[in-house]
Amino acid sequence: DPVKGELYRAVECIPPVLISSSKERLLLNGNKKQSVSITVKAQKDIQHAVLEIKAPKNIQISQHQFQLNNLKKGAEQHVVIDIAALEGAKAGAIQLQVNYDKQVYQHNMIRVAYDHIAPQFKLEEANIQVVPLNIKTTQDAIAYIAGAGDALPECLEQLSYKVDVLKIESLSAQTLAPYKALVMGIRAYNMHSELAQYYDTLMQYVHQGGNLIVQYNTNNRLSTLPLNIGPYPFVIGRERVTDENATVKILDPDHPLIHYPNKITDLDFDSWIQERGIYFAQDIDPHYTKVFSMQDAGQAPQEGSLILCAYGKGNFVYTGLSLFRQLPAAVPGAYRLLVNLLALPTHQ
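Just so it is clear, the model here is predicted, and its values are computed rather than measured.

Attention shifts here to the sheet that holds strand β7 (residues 76-85). Sheet architecture is open: 4 strands sit in the order β1-β3-β7-β5, paired in antiparallel fashion. Of all the strands in the sheet, the pair left with one neighbour each is β1 (17-21) and β5 (59-61). Neighbour-to-neighbour, the strand axes of this sheet turn through a mean angle of 30°, independent of strand direction.

This paragraph deals with the pairing of strand β8 (residues 92-100). Regular strands have side chains that alternate between both faces of the sheet. Both strand β4 (residues 46-54) and β8 contribute to a ladder of 5 bridges, which runs antiparallel. Note on β8: the bridge partner recorded for Ile53 is Leu96. Strand direction decides the pairing type here: β8 and strand β9 (residues 103-105), joined by 3 bridges, are antiparallel. When the sheet's bridge partners are listed, Tyr100 is paired in β9 with Gln103. In this antiparallel pair of consecutive strands, β8 and β9, the connection spans 2 residues, and Asp101 shows a positive phi of 55°.

In this structure, the amide linkage connecting Tyr260 to the following residue, Pro261, adopts the cis form with an omega of -10°. Counting through the fold element by element, Pro261 comes out in the loop between β18 (249-250) and β19 (281-282). The phi torsion at Lys102 lies on the positive side, around 65°, for a residue other than glycine. Take Lys102: its relative accessible area is 86%, and that puts it in the exposed class. Positive phi, normally seen in glycine, also occurs at Ser271, with a value near 65°. Among the structural elements, Ser271 can be located in the loop between β18 and β19. On the basis of relative accessibility, which here comes to 55%, the residue Ser271 falls in the exposed class.

Here we take up the packing of aromatic side chains. Under the counting rule described, the total for this entry stands at 10 aromatic pairs. Here the aromatic rings of Tyr216 and Tyr279 are separated by 5.8 Å at their centres, their planes lie at 10°, and the arrangement is stacked. Of this pair, Tyr216 sits in the loop between β16 (211-214) and β17 (235-236) while Tyr279 sits in the loop between β18 and β19, and the two are 63 residues apart along the sequence. The pair formed by Tyr216 and Tyr279 is uniform in burial state, with each residue classed as buried. The structure contains a cluster of three or more aromatic residues connected by ring pairs, namely Tyr232, Phe234, Tyr288, Tyr311, Phe316 and Tyr318.

Here is what the cut-offs are and how they apply
Residues numbered from 1 in each chain as written. Predicted model: local features only at pLDDT ≥ 70, side-chain atom pairs only at ≥ 80, totals over all residues. Heavy atoms only, no water. Pairing = 2+ DSSP bridges. Helix = DSSP H or I, 4+ residues; strand = E, 2+ residues; numbered from the N terminus. Axes fitted to C-alpha atoms, helices over the stretch in contact; angles between N-to-C directions. Buried < 20%, exposed > 50% of the residue type's maximum accessible area, 1.4 Å probe, protein only. Phe/Tyr/Trp six-rings, centres within 6.5 Å; stacked < 30°, edge-to-face > 60°.

Treat this as a map of the structure, not an account of what it does.
This is the structure in structure tokens:
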């Protein structure tokens, strides 16, 4: 290469077919069907092969086999299946495999390409992880402002919510009125300094009955935050709980958040990944309710992971809980907690 000089890469020994799917993890709430697209890509000319789909017990799929005929090298064949959970279904993996030339192939290929390393690839089994849930939802309209990037809209859509991604410049009393809840993506205030100009609009939305849910933001010398985010003062600190198995204590067991539409218990904090949360609230005004207490070993109890308050008819929430990690990992308790946040009751 005239700029980079000599380039080296390994010879890639790959299967004759590669399999991928539109969803690597699939939430199945109740008996509602979900559609998944599966792609088979030929790495050589293939006259005939068969795609087989094997589901765990009590996971129902619309079709188990597809014929693959006359695929040229580089060609793809796409199929769509519907998936639903029957009573008694457990979390597991739907296995995708292609039978070709008396061999079984069941891999997808992930490429890794950066300037500072040689090109690499990884073969992994082409499975679809399915997680049956039993979550009560309210099916309210939800609005979302994108931050630094999380998968919250896609995750909620798997529960049949309608999520509209709004542009900041569109925020007004009229555009927000149809939505039961407005969720800020992670670090939204760090990414969009112009949000400070919409403080009055957002507080009016809450006062008139909306639920504003702000996910974590950072507060340090490299990031700036508006003076006010909620209706009453609090500071975003740097406290966190890094042990994903840290004990969580419910401080206000009678709060509606703990009961509607799903009962939140200690079990909802099982199977979390990587951490409990980051950038907790501190210096919290008494108007706010502290819902949970948690701590790492040797740390004082942290009570700023989720704070909320009534303001007018609606509710304001700030949470440093790492929902942005738990939702893509299909942690059931994180979904139950988020659904309850979206459904916080209107005050008269």
